[in-house]
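Chains, contacts and geometry: an overview
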Amino acid sequence: MHIFVNEQSNQFHLTNGKISYIFNILKNGSLGHLYFGKAIRHRDDFSHLMRNDIPTPASCHYFQDDPAFSLETIRQEYPVYGKGDFRDAAIELETSEGRIGNQFTYKKYEISQGKPKLEGLPATYADGNEATTVTITLFDDTTDTELLLTYSIFHHYSVITRSAAVKNSGSDDLYIKKIMSASIDFPDQNFSMVHLSGTWSRERHIKERELVQGTHSISSIRGASSHHHNPFLALKRNDTTEHVNEVYGFNFIYSSNFLAQVEVDHYQVTRVMMGIHPHQFKWKLGHDESFQAPEVVMVYSDDGLNGMSQIFHDLYRHQLIRDPWKTDERPILINNWEATYFDFNEEKLVNIAESAKELGIELFVLDDGWFGKRNDDTSSLGDWFENEEKLPNGLTSLAQKFNNIGMKFGLWFEPEMISPNSQLYNNHPLWVVGRKGEHLTFGRNQLVLDFSRQDVVEYIYEKMAGIIRKTGLSYIKWDMNRNITDAFSSALRLDQQGEFFHRYILGVYSLYEKLTNEFPEVLFESCAGGGGRFDPAMFYYAPQAWPSDDTDAVERLKIQYGTSLVYPIYSMGSHVSASPNHQTMRSTSLDTRANTAYFGTFGYELNPLELSEEERKIIKEQVQFYKKHRRLVRDGDFYRLVNPFENNETAWMIVSKDKTESLVGWYKVLATPNPKKQQVLGLKGLDTTILYEIENTGEAFYGDELMYHGVTLPTEFNGAHHLKASLGGDYQSIVYYLKERRTSNDARTCI
Ligand code: DGJ
């Protein structure tokens, strides 16, 4: 049993033996929140968990017929404004005559096995053995509206998902001004809020702030989840570390405007809300029409932040990313962007592909510049046909040449964009986002195509599908290089312009849905000027994403470390690029660049024709190394060991589920003068009883020693012992491969 319903006490208890989530029906008919956390034994009545220690003196606002009942002090599941709770509400509806204020009361519940699909939206999925769902229906007499709150509990993960939907049962139109997907009130404020924020080229850095009375939020109103804030937040206890104690993680499966908010009230109650950003949102609902809000994933861990991450990783690998890509191995790719930028022709591309093939690389990705008249970023977006000057024989011939070489073929698109200097713009000026005749705001010389329009989505689908069919593409990089301004659709009526942003992203999802259904064998990698749309909704369609345009190995340590808080490492496109790096001008060794990139979906972003023989030899070995270990990277448990935001070093590791093998990465940014002679790195997640052989050195140690004492790192140059030193200088790194040694049974063997 995963959902207990007690009709006497009006309580619902969702539990899977790892977590419990308990709520009840309050005396005014709304829902109260009782508990979310580590599993507690079921009992018939949990009403003692209701907060009743706060009196309702003059400062409180209470019910007409019951001074002891105040929404100001009761923890709630889905609060409304105007009935005594002065904190932010989860929902705001307005009738066509302008009446505001809602009062939803409980009507019924329905339990189902598995998880219903959210129409038109990406979401986690589960069958009857994997999750159980309860949907609570509430009704607001004042607006004739049904509110459906859906909760799914996963059977094997410490995860609850939530979403909300509204149906207008009245005869008049209704406007949704705000609809959060989830809201939850915690009884105390003893938390720090952790989030992933940054900007272009330094996305998803870890930020942390202690909660105090007031509102703390992160958000996006850019029409994309954004480089600046990821739709994720965690509340961690003040003594929670990477590996111990409580943390709650919240992630929004959505790629457009979002609000993730934590409000601490005057009684230290902490309210977390997540949903579509209400800014400029106004959705018109006609009679019998419904609106479905996207899904929030809520994770509980008492194994620290790393424990939370492992739950997110497992959930997303098994219940979000879809077949065939949750099991298929991803090809090692070479992307020509940093190798050629816009300056290429067929011969150059074929030469690069041939040279890359010799290195063992499996997929060639032709990036920006292959279409229309595009020779720089000022034209041709929307003209999805070959650039005849660069590719006079066309894409089909190019695809054939790659095929002959034995190389898979991938192509870059920026489907949602349009250049004013394009045929598409001349033919369809009204397909642009923005009001006709107004000065529009540009980003990278381009405008945005109105994906809220079905005809636009259909047109782009035809173009992309045609190219996939004629070239047999294996991979598509779907880019989006600017955010949305001038939000206005010429296809929507004036009183529906508040629907634009959401309709736009529904258009994006519908195109992804169509293409991935028709071409499931095509691997999609999402990208938005780097990591500007790195969110779980994208992973439903595109199982990997480009985390950042910053390919510098040292910068990637922070980006990958931060991103791993939520997203599986196999979802991050990680490429070895040229040195000096094109974003930072930093020079790093080929080893360090690969040692960082191994912890992701591996590839190259450089010109192999410019490599020395020695470099080619190293790259061949790197490619073989990744091929040997990519299953481990895909399926293993990831552990963060040393935090680059706090240290000059970074370390992480991945351990196979059966614990027989592991990859450990250690990185040091700046050299230390006269360093410690013997530095050790404590490992995690190993089996204490397994003897592990370190492939690099041939030494073998038991898991307990490697975890409790640590693996001894190579000796660093210290000005005197240069002969013994195997590391020296800035940007050093090492990756160890550990494998169970089955022949020895001597615990102390060190060979
Ligand atoms: C931004 C992407 O992140 C880059 O990798 C590259 O594809 C460029 N766009 C091309 O315009």
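In this text, all values refer to a predicted model and were calculated from it rather than measured experimentally.

In this section: the overall build of the protein. Scanning the protein for helices and strands turns up 12 helices and 38 strands. The C-alpha atoms of the protein give a radius of gyration of 27 Å, which matches the 27 Å a tight globule of 751 residues would have. Seen through its principal axes, the protein has C-alpha atoms that stretch 85 × 70 × 45 Å. The buried share of the protein, reckoned over its 751 residues, is 62%. Contacts spanning at least 24 positions in sequence make up 70% of the contacts within the protein whose residues lie at least 6 apart.

Sheet architecture is open: four strands sit in the order S1-S2-S3-S4, paired in antiparallel fashion. One side of each edge strand has no neighbouring strand; the edge strands of this open sheet are strand S1 (3-6) and strand S4 (31-38). If you compare each strand with its neighbour and ignore which way they point, the axes differ by 10° on average. Two elements, strand S3 (residues 19-25) and S4, share seven bridges in a ladder whose sense is antiparallel. Following the sheet pairing, Ser 20 is matched in S4 by Gly 37.

Attention shifts here to helix H9 (residues 553-563). When you tally the buried positions in H9, you get 10 out of 11 residues, the bulk of the element. Listing the buried residues of H9 in full gives Ala 553, Val 554, Glu 555, Arg 556, Leu 557, Ile 559, Gln 560, Tyr 561, Gly 562 and Thr 563. Its side-chain oxygen 3.0 Å from the backbone nitrogen of Val 554, Asp 552 forms the N-cap of H9.

The next subject is the site of the ligand. The environment of the ligand is made up of 13 residues, and the closest members are Asp 367, Asp 368, Lys 477, Asp 479 and Asp 549. Here a nitrogen atom of the ligand sits 2.7 Å away from a polar atom, N or O, in the side chain of Asp 479. Between the ligand and Asp 549 there is a distance of 2.2 Å, counted from an oxygen atom to a side-chain nitrogen or oxygen. If the ligand stood free it would expose 290 Å²; the protein chains cover 97% of that surface. A per-class count over the shell around the ligand returns four nonpolar, three polar and six charged.

What follows covers helix H10 (residues 590-597). One full turn of an α-helix is made of 3.6 residues, so residues set three or four places apart face in the same direction. Most of H10 sits out of view: seven of its eight residues are buried. Residues of H10 that are buried include every one of Leu 590, Thr 592, Arg 593, Ala 594, Asn 595, Thr 596 and Ala 597, and no others.

With that settled, consider the confidence of the model for the protein. Mean pLDDT for the protein: 96, with 97% of residues reaching 70 or above. Counted against residues more than four places away or in other chains, residues 747-751, with its pLDDT under 50, gives 12 contacts.

As a further point, take the side chain of Gln 496. In this fold, Gln 496 is placed in the loop between strand S26 (475-478) and helix H7 (500-518). Those residues in contact with Gln 496 that lie beyond four places of it in its chain are Lys 284 and Arg 503.

Enumeration over the complete set of coordinates arrives at 55 aromatic pairs. Ring geometry for Tyr 598 and Phe 602: centres 5.1 Å apart, planes at 35°, overall tilted. Across this residue pair, the class does not change: Tyr 598 and Phe 602 are buried. One aromatic cluster in this structure is built from Phe 12, Tyr 21, Phe 23, Phe 36, Tyr 106, Tyr 109, Tyr 151, Phe 186, Phe 191, Tyr 248, Phe 250 and Tyr 300. Taking the ring centre of Tyr 540 as reference, the NZ or CZ of Arg 322 above it sits at 3.8 Å.

Quick look at unusual backbone geometry now. Following Asp 323, the chain continues into Pro 324 via a peptide bond in cis, with omega recorded as 0°. Look at the link from Ser 579 to Pro 580: it is a cis peptide, with omega at 0°. Along the polypeptide, Pro 580 turns up in the loop between strand S29 (573-577) and H10. Phi at Asn 245 is positive, roughly 80°, even though this residue is not glycine. Its place among the elements puts Asn 245 in the loop between strand S14 (229-237) and strand S15 (247-253). One non-glycine residue with positive phi stands out, namely Arg 444, at about 45°. Summarising the element assignment, Arg 444 is placed in the loop between helix H5 (423-427) and strand S25 (447-448).

Let us look at the sheet that holds strand S35 (residues 691-694). The six strands lie next to each other as S31-S32-S33-S38-S35-S36, forming an open sheet whose pairing is antiparallel. Edge positions in the sheet fall to strand S31 (637-642) and strand S36 (700-702), since each has one partner strand and no second. Put simply, the sheet's adjacent strands are angled 25° from each other on average, direction ignored. Packing of H9 onto the sheet brings it into contact with S31, strand S32 (649-655) and strand S33 (661-668), and relative to S32 it is tilted by some 50°.

In this section: the pattern of salt bridges. This model, assessed by the stated rule, comprises 47 salt bridges. A salt bridge links Arg 162 to Glu 77, with the shortest nitrogen-to-oxygen separation between them at 3.1 Å. Placement of Arg 162 in strand S9 (residues 159-168) and of Glu 77 in the loop between S4 and strand S5 (91-95) is noted, with a sequence separation of 85 residues between them. Each member of the pair, Arg 162 together with Glu 77, is buried.

To continue, consider the pairing of S15. Burial runs high along S15: seven of the seven residues are buried. Burial of S15 is two-sided: the residues Val 247, Gly 249, Asn 251 and Ile 253 facing one way and the residues Tyr 248, Phe 250 and Phe 252 facing the other way are all buried. Strand direction decides the pairing type here: S15 and strand S20 (residues 295-301), joined by seven bridges, are antiparallel. What sits directly across from Gly 249, in S20, is Val 299.

On to the pairing of S33, then. For S33, the buried fraction is high: seven of the eight residues fall into the buried class. Linkage of S32 to S33, two consecutive antiparallel strands, is achieved through a turn of five residues, within which Lys 659 is found at a positive phi near 65°. In terms of strand pairing, S33 meets strand S38 (residues 732-740) through eight bridges, oriented antiparallel. By the bridge assignment, Lys 668 is partnered in S38 with Gln 732.

Below, the discussion takes up the side chain of Arg 204. Secondary-structure assignment places Arg 204 in strand S12 (residues 202-210). Within the buried set, Arg 204 has no salt-bridge partner at all; the shortest N-O distance to an opposite charge, 5.3 Å, is to Glu 203. Polar contacts involving the side chain of Arg 204 include one to the main-chain carbonyl oxygen of Gly 531, which spans 3.2 Å.

Right, let's get into the packing of helix H6 (residues 454-471) against H7. Interaxial distance between H6 and H7 falls to 10 Å at its minimum, and their mutual angle equals 30°. The angle between H6 and H7 falls in the class roughly parallel. As for the relative orientation of H6 and H7, their crossing is right-handed in sense. Contacts between H6 and H7 involve Val 457, Glu 458, Ile 460, Tyr 461, Met 464, Ala 465, Ile 468 and Arg 469 from the former and Gly 507, Ser 510, Leu 511, Lys 514, Leu 515 and Glu 518 from the latter.

What counts and what doesn't
Residue numbering note: each chain is counted from 1, following its sequence as written. Residues qualify for local features only when their pLDDT is at least 70, as the model is predicted, and side-chain atom pairs are given and counted only at 80 or more; totals for whole chains, interfaces and linings, by contrast, use all residues. Excluding hydrogens and water, the side-chain values take into account all heavy atoms of the structure. Comment: elements are numbered from the N terminus, with helices defined as DSSP H or I runs of at least four residues and strands as E runs of at least two. Both definitions apply: the radius of gyration is a C-alpha atom measure, and the globule rule equals 2.2 Å times residues to the power 0.38. Residue exposure (1.4 Å probe, protein chains only): buried if accessible area is under 20% of the type maximum, exposed if over 50%, otherwise partly exposed. Whether two residues are in contact is decided by their heavy atoms: any pair within 4.5 Å suffices. Two strands are counted as paired when DSSP detects at least two bridges linking them. Lines fitted to the C-alpha atoms define the axes, with helices restricted to the stretch that makes contact. Angles between their N-to-C directions range from 0 to 180 degrees. The definition of a polar contact used here is a pair of N or O atoms within 3.5 Å, where within protein one atom must be able to donate a hydrogen and the other to accept one, and adjacent residues in sequence count solely through side-chain atom pairs. When we say a residue is near a molecule or strand, we mean one of its heavy atoms is within 4 Å of it. Only the protein chains shown count as cover for residues, and the accessible areas themselves come from Shrake-Rupley with a 1.4 Å probe. Residues are sorted three ways: Asp, Glu, Lys and Arg are charged, Ala, Val, Leu, Ile, Met, Phe, Trp, Tyr, Cys and Pro are nonpolar, and all the rest, Gly among them, are polar. pLDDT runs from 0 to 100 and stands for how confident the predictor is about each residue. Within 6.5 Å between ring centres, the rings of Phe, Tyr and Trp (the latter by its six-membered ring) count as paired, and their orientation is classed by plane angle as stacked under 30 degrees, edge-to-face over 60, tilted in between. Each ring is checked for a lysine NZ or an arginine CZ that lies within 6 Å of its centre and within 35 degrees of its normal; such an atom marks a charge sitting over the ring. One side-chain nitrogen of Lys or Arg within 4 Å of one carboxyl oxygen of Asp or Glu is enough to make a salt bridge. For the purpose of counting charges, residues Lys and Arg are taken to be positive, whereas Asp and Glu are taken to be negative. His and the chain ends are not included. Any angle that falls under 35 degrees is termed roughly parallel, while one over 145 is termed roughly antiparallel, one within 65 to 115 roughly perpendicular, and all others oblique. When the near helix sits turned anticlockwise from the far one by under a right angle, the crossing is termed left-handed; a clockwise turn instead gives a right-handed crossing.

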